[in-house]
Amino acid sequence: MDKTFVTGGIMATRTSMVVNVGEEAPDFALPSLDGNPIKLSDYRGKKVVLFMWASW
Amino acid sequence: VEVLSVAMDAQGAERARPYVDKARATFVTVVDEENMLGQLYGFRAIPNGFLIDEQGVVRYKKLGGFDVRKAETSSVVQRWAAGSDLSESAVGHDTQSGSELSESNALLRQGLELYRKGDVAEAIALWRKGVELDPANYILRKQVWAVENPDKFYSGDIDYIWQKEQTEKGL
């Protein structure tokens, strides 16, 4: 897993990756429901539950 | 422990918001319209969970069946928060990283540009190509179902019997 930072929906790499236990979680930036940019790395120093879901 | 919730909704925040409101969520929800995380973390379906420690290292992942509203999930999270090692650290099947996943996600993004301009039919045509390339990409596949059949998703309960029929028909 490289540490390529990905932002604004632009993929820095088109390669699909698998993130394994023991590896660093890839950082990303996405807008909150209110439109504020949030980065995973904003949570550094805390335990984080990253939870992916959808309305469908 | 903080929860960062990611709605994988190509249709945007307004589709996700009612669920967040209903759950009276106190955590932050972000919206991943372009399926950035499916590509970056390697998954083709949801719901998924990654437990990430203070240093940013993944300590547990569950692909499929992870839902912070469920007792089973919150029990795992609570044990981890309390400092215990989890007996199983990876649950569920990894997605095979392959060009077909990248290509179908590229079609998702291209279709999304058209969708945002209001060219819904053309967007769906591109998305259908993506589904053909990678039928296992349920992030794209179910998104198409939801755009085409909002009544099956957004008026009352989600119709899972109908979804099973769509899968069986190869749609």
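Look up: the structure comes first, before these words.
Residues numbered from 1 in each chain as written. Chains lettered and ligands numbered in written order. Predicted model: local features only at pLDDT ≥ 70, side-chain atom pairs only at ≥ 80, totals over all residues. Heavy atoms only, no water.

Enquirer: Would you take a moment to explain the layout of surface pockets for this structure?
Expert: One water molecule sets the probe size; rolling that probe over the atoms shows where empty space is left. Computed from the structure, the largest pocket encloses a volume of approximately 630 Å³. Considering the residues around the largest pocket, the lining is formed by 25 residues, among which A:Ala54, B:Tyr19, B:Arg69, B:Ile158 and B:Tyr160 are closest to the centre. It is helix α1 (residues 13–22) of chain B that contributes the most residues to the lining of the largest pocket, four residues altogether. Among the residues making up the lining of the largest pocket, the classes are represented as 15 nonpolar, three polar and seven charged. (1 Å grid on protein atoms, 1.4 Å probe; cavity = no way out; pocket = protein on both sides within 12 Å on 5 of 7 lines; lining within 4 Å. Points joined across faces, edges and corners; volume = space filled by probe spheres on them. Helix = DSSP H or I, 4+ residues; strand = E, 2+ residues; numbered from the N terminus. Nonpolar A, V, L, I, M, F, W, Y, C, P; charged D, E, K, R; others polar.)

Enquirer: What's the story with the packing of helix α6 (residues 138–148) of chain B against helix α7 (residues 160–168) of chain B in this structure? I'm lost.
Expert: Packed helix pairs are characterised by how far apart their axes lie and by the angle those axes make with each other. Residue and element names in this part refer to chain B. Put simply, α6 and α7 touch, their axes get as near as 12 Å, and they point 115° apart. You can see that α6 and α7 cross each other, and the crossing is right-handed. On the side of α6, the interface is formed by Tyr138, Arg141, Lys142 and Trp145, while α7 contributes Trp162, Gln163, Gln166 and Thr167. In terms of residue class, the contact of α6 with α7 is made up of three nonpolar, three polar and two charged. (Axes fitted to C-alpha atoms, helices over the stretch in contact; angles between N-to-C directions. Left-handed = near helix turned anticlockwise from the far one by under 90°. Contact = heavy atoms within 4.5 Å.)

Enquirer: Explain the sheet that holds strand β3 (residues 48–53) of chain A here, please?
Expert: Backbone hydrogen bonds are what pair the strands of a sheet, in a parallel or an antiparallel way. The mixed open sheet is built from six strands, whose spatial order is β2(B)-β1(B)-β3(A)-β3(B)-β4(B)-β5(B). Among the strands making up the open sheet, the edge pair consists of β2 (28–31) and β5 (90–91) of chain B. Across two bridges, strand β4 (residues 58–63) of chain B lies against β5(B) in parallel orientation. The residue of β5(B) that forms the bridge with B:Lys61 is B:Ala90. Where α1(B) meets the sheet, its contacts fall on β3 of chain A together with β1 (2–7) and β2 of chain B, and the angle it forms with β3(A) comes to roughly 120°. (Pairing = 2+ DSSP bridges.)

Enquirer: Just to check I follow, could you spell out the pairing of β2(B) for this structure?
Expert: Strand residues, when the strand is regular, have side chains that alternate between the two faces of the sheet. Residue and element names in this part refer to chain B. By the bridge criterion, four bridges tie β1 to β2 in an arrangement that is parallel. Residue pairing across strands places Ala7 opposite Val31, the latter belonging to β2. Where the polypeptide runs from β1 across α1 and back to β2, its parallel neighbour, the crossover connection is right-handed. (Right-handed = clockwise from strand over helix to strand, strands pointing away.)

Enquirer: Explain the pairing of β3(A) here, please?
Expert: Most of β3(A) is tucked away: six of the six residues are buried. Here β3(A) shows no split at all, with A:Val48, A:Leu50 and A:Met52 on one side and A:Val49, A:Phe51 and A:Trp53 on the other all buried. Examined bridge by bridge, β3(A) and strand β3 (residues 48–52) of chain B share five bridges and lie antiparallel to one another. Bridging across to β3(B), A:Val49 finds its partner in B:Leu51. (Buried < 20%, exposed > 50% of the residue type's maximum accessible area, 1.4 Å probe, protein only.)

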